[in-house]
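# Per-entry structural report
Take a look at the letters that make up each chain.
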Amino acid sequence: MKAPITFEQFVKNPTMAVFFLVTLAVGYLYIDNRMNYTSQIEACSKRTIYLEGKVEQLSMRLHKSDSILARTAARLEILNELAGKE
């Protein structure tokens with residue numbers, strides 16, 4: 001593969017050669033950063049799915065707990081009424 005800039009061109013115009021190298025470095029960093037963000041998004045997506053499942057489980061447990069509490073309160077009220085009549 002032939003290099004896009006030769007040593008002779010670098011010696012003649014070092015500013016443009018450094019600019020070319022900086023452009024390559026910035027391009028590499030951009031692609032690397034993009035890949036990093038993609039992996040972070042995937043990790044966050046997996047974690048979000050996991051946490052949504054946990055929220056669903058806890059919501060079901062809370063609903064069950066509320067139902068049990070309502071039944072117990074109703075029974076306690078009935079027992080208190082029966083105890084008060086005697």
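Summary of the structure given here. (Residues numbered from 1 in each chain as written. Predicted model: local features only at pLDDT ≥ 70, side-chain atom pairs only at ≥ 80, totals over all residues. Heavy atoms only, no water.)

## Some points on the overall build of the protein chain
Within the protein chain one finds two helices and zero strands. Relative to the 2.2 N^0.38 estimate, which gives 12 Å for 86 residues, the radius of gyration of the protein chain is 35 Å and therefore markedly larger than a compact globule would have. Seen through its principal axes, the protein chain has C-alpha atoms that stretch 110 × 25 × 5 Å. Within the protein chain, buried positions represent 1% of all 86 residues. (Helix = DSSP H or I, 4+ residues; strand = E, 2+ residues; numbered from the N terminus. Rg over C-alpha atoms; globule rule 2.2 N^0.38 Å. Buried < 20%, exposed > 50% of the residue type's maximum accessible area, 1.4 Å probe, protein only.)

## Some remarks on the environment of L24
The topology assignment puts L24 in helix α2 (residues 14–85). For the pair formed by L24 and S45, sequence separation is 21 residues and the distance between their alpha carbons is 32 Å.

## Points about a nonpolar patch on the surface
Taken together, F7, F10, V11, V18, V22 and V26 make up a surface patch of nonpolar side chains, about 560 Å² in accessible area. Looking at where V11 falls in the secondary structure, it is placed in helix α1 (residues 7–12). V11 gets classed as exposed once you look at its relative accessible area, which sits at 53%. (Patch = residues over 30% accessible without salt bridge, like charges linked within 9 Å, V, L, I, M, F, W, Y side chains within 5 Å. Areas by Shrake-Rupley, 256 points an atom, 1.4 Å probe, with all protein chains shown as cover. Salt bridge = Lys/Arg side-chain N within 4 Å of Asp/Glu carboxyl O.)

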